[in-house]
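The lines below spell out each chain.
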Amino acid sequence: MSLAQQTTPSQVVVERLRTTGLLEDQKWRRGDDGSLEMWFWCDVGDPAKGRFIPVVGKDPGELFAGLQYSGLLQMFSLVNHGNGDLLGMTDANQHFRALGIGIEDVELRQFLALPMPAFVGRLGRAELLDRLLAIDVLERRACRSAIVELQGLVRRDEVPAVLRERAARAMAAMRGEPVPPRLRLASAAVRLPATFDACVVIEHGKLPDLSWLNAAGQRAGALVTARTLERAGGGECSLAQLNGLVRQTAKAGELPFAIAHRLGNVRLDHSCFVISLQAGPDAPVALTWQAAGAIDAEGWAAAGLSGDAAHGQPWFGGTLAMAADGLFASTDRSQSQPRPELVEKFGLLRDEGSAVRAIVPANSRLWGVWRAALNLPFADRAEVRIVCGDPATIVVSVAARDEAGAAAWSQRGKELLAELRQWLDERAPVERFDAPTTFALFDALFAAELHAVGSQATATITLTGMTAQKAQAIVEELPWMNG
């Protein structure tokens, strides 16, 4: 039996993924242009006839084609970077392991202490991003012992400015010192339609660390694929199948790094999403997105993604305009226009300490949809505020038409929670056992405080101990994560 024909029980593959996160021993290298490459042979059927190929394609079309291998979590991680940036969403464990760089604190510190390369060309840019990612990992771990290496980077004139600035920011965060403020949208520049159905404002720096999302989604994809192979192939995976699977799963984990390398890094600071319902089965919802942040816009502009969005990704026939300090995108080529009076009216940019604020105005067409589906009372406005931290809080406030309306909202909220609890209790015995962390989240929902004061109805949900580890546990308890 040739090596290509040898098989491994799929259950062994699944258990190895669970314990080590690996699919097989794999040969990797960095290409001359800085791309991560792997030894690929499943298409020729013979390991000896394989060759090194990029894990993620090089041109924009291939880059965004990589999204087809990404699950919902990976696609979400490409536009929502939590309190970090696009580069930080890379699966750092996989990336550094493939390059032969240790992922432990002391190993990353040693990596940062090495003599600096020239940082010239595509290869040099990849080597620069490696160091930015290493700093990001050490900061997330609050590795104060790395301050020694970070100080060394800050003091060296030959170190690129972006690397010195990143090191200085990480040092300040580790020491509990003020970090440079993030950018904010200006009320005079926020583009809005004359009317809208909902608006969501996000202060990204107040979001939690979401850097684990991509790796979790990658692991989910690998598990689903392995189990599909198990069911379809008699419980055996050939080494050729594993080689192809490695590339698919590695592509998802490496995609943020590849996009930052080929097009440019993106850090979002302040976003405003505007949602408008519209007639038509093809696009029942129109969405615009305006954001302030730090963007390597030159690379994105060179890729030809400004104007009509290319490849239908992620804006279906819409527009995308990127600049060094922000972006504007729409799904329907709508440009809207600055409307500072609406920004002021709804307090869209008011800093209340929330990471997320959602506003539904009185004239929103969503009210008709919700009243029909949930039998909700009438209201003049609703707002949701999410504050991250420990405890995290979710506050839903509804401006009713009068005191009786606020009391009706409070009562209907209690009824909906009771209905949800009954529905879950009918299915709870198995699910509670399989997903204890998720059901603890539901318990917090059922403990919500609902009350009405005057014409205002409010529901407050308090989440204690909602750490990144607990959030990751909830994701991993999802049914599609476990076959």
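All values reported here derive from a predicted model rather than from experimental measurement.

About the thresholds
- Residues numbered from 1 in each chain as written.
- Predicted model: local features only at pLDDT ≥ 70, side-chain atom pairs only at ≥ 80, totals over all residues.
- Heavy atoms only, no water.
- Pairing = 2+ DSSP bridges.
- Helix = DSSP H or I, 4+ residues; strand = E, 2+ residues; numbered from the N terminus.
- Axes fitted to C-alpha atoms, helices over the stretch in contact; angles between N-to-C directions.
- Phe/Tyr/Trp six-rings, centres within 6.5 Å; stacked < 30°, edge-to-face > 60°.
- Buried < 20%, exposed > 50% of the residue type's maximum accessible area, 1.4 Å probe, protein only.
- Lys NZ or Arg CZ within 6 Å of the ring centre and 35° of its normal.
- pLDDT = per-residue confidence, 0-100.
- Contact = heavy atoms within 4.5 Å.
- Expected span 1.5 Å × (residues − 1).
- Left-handed = near helix turned anticlockwise from the far one by under 90°.
- Nonpolar A, V, L, I, M, F, W, Y, C, P; charged D, E, K, R; others polar.
- Core = buried A, V, L, I, M, F, W, Y, C linked by side-chain atoms within 4.5 Å.
- 1 Å grid on protein atoms, 1.4 Å probe; cavity = no way out; pocket = protein on both sides within 12 Å on 5 of 7 lines; lining within 4 Å.
- Points joined across faces, edges and corners; volume = space filled by probe spheres on them.

Caption draft 1: Main features of the sheet that holds strand β2 (residues 28–30). One open sheet holds the three strands; their spatial order is β2-β3-β4, and the pairing between them is antiparallel. Each edge of the sheet is formed by a strand with only one pairing partner; in this case those strands are β2 and β4 (51–54). Strand-to-strand twist across the sheet, computed as the mean angle between neighbouring axes with direction ignored, equals 40 degrees. As judged from the four bridges shared by strand β3 (residues 36–40) and β4, these two strands associate in the antiparallel manner. Bridge assignment links Glu 37 to a residue of β4, and that residue is Pro 54.

Caption draft 2: Layout of the packing of aromatic side chains. Taken as a whole and judged by the stated rule, the model has eight aromatic pairs. Here Phe 442 and Phe 446 contribute two aromatic rings whose centre-to-centre distance is 6.4 Å and whose plane-to-plane angle is 20 degrees, an arrangement assigned as stacked. Of the two residues, Phe 442 and Phe 446 both sit in helix α16 (residues 436–446), four residues apart, roughly one turn of that helix. Exposure remark for Phe 442: the relative accessible area of 25% places this residue in the partly exposed category. The exposure class assigned to Phe 446 is buried, which follows from its relative accessible area of 15%. Ring-pair connections join several aromatic residues into one group, and the members of that group are Trp 367, Trp 370 and Trp 409. For Lys 27, the ring lying beneath its charged end belongs to Trp 39, and the centroid distance is 4.3 Å. The side chain of Arg 191 reaches across the aromatic face of Phe 328, ending 3.9 Å from its centre.

Caption draft 3: Seen up close, the confidence of the model for the protein chain. Looking at the protein chain, pLDDT values average 85 and 82% of them are 70 or higher. Per-residue pLDDT stays below 50 along residues 308–315; that stretch engages in 21 contacts with residues further than four places along the chain or on separate chains.

Caption draft 4: Region of the structure containing helix α8 (residues 161–175). When the terminal C-alpha atoms of α8 are compared, their 21 Å separation across 15 residues agrees well with the 21 Å that a helix rising 1.5 Å per residue should span. Those residues of α8 not exposed but buried are Leu 163, Arg 166, Ala 167, Ala 170, Met 171, Ala 172 and Met 174. Looking at the buried positions of α8, the neighbouring elements they touch are α6 (121–140) and α7 (147–155). One or two positions beyond α8, positive phi appears at Gly 176, with a value near 75 degrees.

Caption draft 5: Up close: the packing of helix α5 (residues 105–113) against α6. Contact pair α5 / α6: the axes reach a minimum separation of 10 Å and the direction vectors enclose 145 degrees. Taken as a pair, α5 and α6 cross one another with a handedness that is left-handed. Here α5 contributes Asp 105, Leu 108, Arg 109, Phe 111 and Leu 112 to the contact with α6, which in turn contributes Asp 130, Arg 131, Ala 134, Ile 135, Val 137 and Leu 138. Broken down by class, the residue content of the contact of α5 with α6 amounts to seven nonpolar, no polar and four charged.

Caption draft 6: How the structure looks around the nonpolar core. Counting residues in hydrophobic clusters, the biggest one holds 64 residues, and the most contacted among them are Phe 96, Leu 108, Ile 135, Leu 150, Leu 153 and Leu 163. Among the elements that make up this core, the one with the highest residue count is α6 (nine residues). Beyond its immediate stretch of four places on either side in the chain, Leu 150 contacts Leu 112, Ile 135, Ala 167, Ala 170, Met 171 and Met 174. Among the nonpolar cores identified, the runner-up in size contains 15 residues, and Val 190, Val 201, Ala 292 and Leu 349 belong to it.

Caption draft 7: Broad picture of empty space enclosed by the protein. This structure, assessed with the given rule, holds two cavities of 30 Å³ or more. Looking at the largest cavity, the residues that line it are Gly 34, Ser 35, Leu 36, Val 55, Val 56, Gly 57, Lys 58, Glu 254, Phe 257, Ala 258, His 261 and Arg 262. Its residues assigned to classes, the lining of the largest cavity shows five nonpolar, four polar and three charged. As a volume, the second largest cavity reaches approximately 40 Å³. Around the second largest cavity sit Val 201, Glu 203, Leu 348, Arg 350, Asp 351, Glu 352, Gly 353, Ser 354, Ala 355 and Arg 357, which together line it. For the lining of the second largest cavity, the class distribution of residues is three nonpolar, two polar and five charged.

Caption draft 8: Representation of the pairing of strand β14 (residues 356–360) in the model. Within β14, four of the five residues are buried, which leaves it mostly tucked inside the rest of the structure. Relative to β14, strand β6 (residues 198–203) is paired through four bridges, and the arrangement is antiparallel. Following the sheet pairing, Ile 202 is matched in β14 by Val 356. Bridge analysis of β14 against strand β15 (residues 381–387) gives five bridges, and the strand direction is antiparallel. Looking at the pairing, Val 360 lines up with Ala 382 of β15.

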